[in-house]
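As a plain string of letters, each chain reads:
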Amino acid sequence: MPAASVEGEARQDVVVVTGIRASLATALNEKRAADNLVEVIRAEDIGKLPDQNLAEVLENIPGVQITREAGVGKGVQIRGTNSNRTEINGVSTVGSGSGRGGISFEDVSAAMIAAVEVTKASEAKTIEGSVGGTINLRTIRPLDLDDRLLSVRIQGEDSSLTTDGIKPRLSGAYGDNWTTSAGEFGVVASLSYAEQDATAFRPRVDRDNFVAADGGSANAQAFNFLPIQFLIQDYDNYESETTNFSGSLEFRPTGLENMKFYFDAIVNDQERREQSSRVQASGVSDLAGTSVPDQFETVNFGSIGGQNLGSVEAAVRGVIPVQSDGSDGNLRLSGDTNSRLTDSRIFRLGTDWTLGDKLSGRVEIATATSDTKTPSINTTLNFLNPNAPTSPTYTANDNGTPFAYDLTGGRLTWGIAYDAPFAPTAADMVDPANYALQQVQLSKSKAENSEDAFRADFTYEENESFSFDFGYRFNKTTSLNDDITSNVSLSLLRDSPTGDLFADLLAPGPNNFNAADGRALYVRDFLLINPDIVASDPQRVLDTLNAAIAANNLITGSTRGPISAPTSAQAAFFDIEEKTHAWYGQANFSAGMFRGNAGLRYIQTDIASTGNTIVGGVAAPTTTEGSYDFVLPRFNLVADVRDDVVLRASWGKDIRRPDFDDLSTSYTFTTSPNPAVNLGNPGLEPQVTESFDLGAEWYFAPSAVLSVGIFQKKRTGLFVSQQENPVETPTVDANGVTQLVRDVTDPCEGGGIFNPISPRNVFAPLDPVTNLQTTSGVAGVCVPSAQLVNDPGETTQKGVEVAFQYDLSAFEDRLGWASGFGVVANYTHLSFSPGEGVWEATSRAATVFAANGATDVQLPVTEIDLSEDSYNTTLYYEKYGLSARARYTWRSAYRSEDFGSTSSYPWGFPVIQEARGQLNASINYAVNEHLNIGIEGVNLTESPVEQSCVNEGGLLCFQGLTDRRVVFGASYNF
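Since we're looking at a predicted model, the values are computed, not measured. (Residues numbered from 1 in each chain as written. Predicted model: local features only at pLDDT ≥ 70, side-chain atom pairs only at ≥ 80, totals over all residues. Heavy atoms only, no water.)

## Some words on the pattern of salt bridges
Right, on to step 1. Inspection of every chain in the model, using the stated rule, returns 62 salt bridges.
Right, on to step 2. Here glutamate 69 ties to lysine 74 by a salt bridge, and the two come within 3.6 Å at their closest N and O atoms.
Right, on to step 3. Across the pair arginine 202 and aspartate 898 runs a salt bridge, and its minimum N-O distance is 3.3 Å. Placement of arginine 202 in strand E10 (residues 183–206) and of aspartate 898 in the loop between strand E49 (894–896) and strand E50 (911–913) is noted, with a sequence separation of 696 residues between them.
Right, on to step 4. Of the residues examined, aspartate 898 reaches a relative accessible area of 32% and is grouped as partly exposed.
Right, on to step 5. A network of salt bridges, in which partner residues are shared, links Lys31, Glu39, Arg79, Lys120, Arg648, Asp693, Glu697 and Glu801. (Salt bridge = Lys/Arg side-chain N within 4 Å of Asp/Glu carboxyl O. Helix = DSSP H or I, 4+ residues; strand = E, 2+ residues; numbered from the N terminus. Buried < 20%, exposed > 50% of the residue type's maximum accessible area, 1.4 Å probe, protein only.)

## Some details on the domain arrangement of the protein chain
Right, on to step 1. Under the domain assignment, the protein chain is made up of domain 1 (151–545 + 564–724 + 788–973) and domain 2 (728–783).
Right, on to step 2. Averaged C-alpha coordinates put domain 1 and domain 2 at centres separated by 33 Å.
Right, on to step 3. At the boundary of domain 1 with domain 2, total buried surface from both sides reaches about 1900 Å², with 56% on carbon and sulfur atoms.
Right, on to step 4. Of all residues in domain 1, Phe669, Pro673 and Glu724 give up the largest surface area on contact with domain 2, accounting jointly for 29% of the area buried on that side.
Right, on to step 5. Seen at the junction of domain 1 and domain 2, the total is zero salt bridges.
Right, on to step 6. Across the contact surface, domain 1 and domain 2 share four residue pairs in polar contact (both at pLDDT 80 or more).
Right, on to step 7. Of all the secondary structure elements, the ones that give two or more residues to the side of domain 1 that touches domain 2 are strand E26 (484–489), strand E34 (677–679) and helix H8 (843–851). (Domains from an automatic or database assignment. Buried area = accessible area lost by both parts, 1.4 Å probe. Polar contact = N/O pair within 3.5 Å; in protein donor to acceptor, adjacent residues only side chain to side chain.)

## Considerations on the environment of threonine 298
Right, on to step 1. The topology assignment puts threonine 298 in strand E15 (residues 295–300).
Right, on to step 2. The class for threonine 298 is exposed, based on a relative accessible area of 54%.
Right, on to step 3. The contact partners of threonine 298, leaving out residues within four places of it in the chain, are Ser311, Val312 and Glu313.
Right, on to step 4. At 2.5 Å, the side chain of threonine 298 and the side chain of glutamate 313 are in polar contact. (Contact = heavy atoms within 4.5 Å.)

## Here's the deal with the pairing of strand E54 (residues 955–962)
Both faces of the sheet carry side chains from a regular strand, because those side chains alternate between them.
Right, on to step 1. Summarising burial for E54: eight of the eight residues are buried, a large majority.
Right, on to step 2. Direction of pairing for strand E53 (residues 945–949) relative to E54: antiparallel, over a ladder of five bridges. Opposite glutamate 946, over in E54, you have glutamine 959 as the bridge partner. (Pairing = 2+ DSSP bridges.)

## Regarding the sheet that holds strand E7 (residues 134–138)
Right, on to step 1. Read across the sheet, five strands follow the order E1-E6-E7-E4-E5 without closing on themselves; strand pairing throughout is mixed. Edge strands, defined here as strands with exactly one partner in the open sheet, are strand E1 (38–42) and strand E5 (91–92).
Right, on to step 2. Sheet topology places strand E4 (residues 85–88) next to E5; two bridges connect them, and they run antiparallel. Bridging across to E5, glutamate 87 finds its partner in serine 92.

Here it is, written out as structure tokens:
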């Protein structure tokens, strides 16, 4: 039995393999030899994993599903959960935010990774913290090289929706080892640089209001229907620039051949800059009782919690006119420039040694840091329609613009109704004088995360049939968050400078929103604060806007002060420190056809959470301390029942700690009255997972396998959100429209929390004179509050995984050129049984459901991003220097929290992301033994994202129109 002093160390040595078939065969051998359930993907060549993006690489593994942002792989779910860990060479990583998953896959170039390993069934020596699995990214080890390594790769990436042209990708690697009188030395270094421009168009239509057949409104029909509540044209653009360095040194001294010293350094720097825009039709809710749709569709909501929610008619085509007094609906134009500048560092120093014939070990120190800054200047402009009716008593900095919408054919399209009364012209839309500054949000926030660790691992090998692993690990983990912000909201026209006072900052917004699907109806002509100036000279933007405010004050007599520089938000600050001691013991055995391990891991954690308590406007630092300990048993059994059949069984326990912001005593307000303010919970305890696995693997041919596995995970203490909503009192205004009015004074006796910076918007009280809502110049309203708690019930995740791998290389004599084909496929089925936590319908949703006889509608809390079914099929060809593959991935519908420019659940529930498939393909050709050229296509069919509210196939409310990306280039191995 080989000694293995560190989890995964028997699989840690990574050498270079070439070709699709060789990489698949090597990975399959690792999986087969492991005493626990692992999946491995090996690079096909230096710096060449199957995909450019690490999340998309992981999608090749059974039981792994991924989520995308602007078409780029971002989140990874293992066996239906996001609660996983990421390591690099066995070292824990830390992320750029407050989560526990580790480094973001956006921040690590696939070019520096030689192999990816996913541990699905933990051993006692596996570091705790995963529910689904542990991802270990492995780099090449210098002393395992047989030949000198020197390789360079040059590529370009083009996107079908970007307007910025081809972006470069450069990478190179060098490695060698030498034998000297002092001993064996080895070095490997890789460097990569990549730029990427990812774009997605995300139209959104809210139809969560209600017009009753007998409600008496001017547009009442013979049936109940859902009017238009809100319209958004969301243009997402993310430009990233990523530099990665990976270096390893190894030394085996002469005379001490049983000892090796090593040092690893991983340096990742990413600048991710957003240049997104949002065109919003706001205030159309005020016309919900007057705007008459031209066409309707029937929406069937299905059932929730055993209640049939029934069906209702919904507006699908029509024109929303300008309100009679010229006040609504409003056209708002927002520019989002939320940048993320992240510097990640991982260092480890250690030694492997063997003493005599029985004892071996490893001692290692490691540190991982991630420092992130999020500079941004987000602005919102209101369009002032020069053709709208005016009233001498109207003082707001917005007015009415007519809108047309057409939601037929499964497309959410809308735009300005240029043929309607009081419509602006295209020339009006690009006149700076027709814009007023409405909101400015400044940020220089920062997050600092780190983990310092020491570990000592030992193996005592009694004989070939029995060994015992034992060890200790200490780590100190810290997370600091400091929101450095400034928010200004302007509602009165007299306070708001018009665009002609800061015209040098304005630029036309993106006019290609039809590029993805050829839509005819969209907002083409509008102005925004120039995002390029925001990125290059933010101080100029601030100075120019303050000069415009000063100039406006001279014109209107306003006393509006300047926009202040960002300051630390005392209520949002937290500094959390954890110290964990972990001990483990693990027996490894083999007898006859059986092999495996059994052991215990004991952890003890102390935590101190420091935040600010605000009393009378004064911040007082407050520290909350706590501790916990767990015993985590783990057992893995493998039976080699035949030379070609392997059976597996595993059982074990693990914990998942809460994210750091969920433990803090701090909270952050937004400038919207819709999202809940998330309150931390220092008393939140880790959730516990008990996992069972059974599997069978049939290796029916060389480099071939058919495997089936089943698993079950019982989770106690699941983190569920407990939301408290403010009271919303239905009040009929002068137009006969029922408005939901909230409390606008602090404290919020009826529930929720008072948000002092949010405009009141549609929740404002009615004016006692006009009996209409007025929000001009007024901020402060009660908003929902949410807090994570431990679900008192037990949840269960179950699944089946099937994998198949086969190639025709053994039939070369009979098939000739066709023997180059091979296939890799997998299928996963998941199910989730909820605990006691529930999501509740919003007030407006409850009104709709009540009209159909459904009351107290509650949806049991389920796992976010969990698809019940998914599959992945890859057809590849490798022969005569040609290497080609086509991969199609499909996953069924799932609940998602990624639904555009709001963080509040529409209708009270996470949206349903409908089933979607994606086709990727690549072709590479080896010109000679040194030069390789290739091209890769991602999302070749430009598969759109569709999201429904309430239930699958229900009310279409969000869409994502994604791009096709093509990467082409060449590599040269010296």
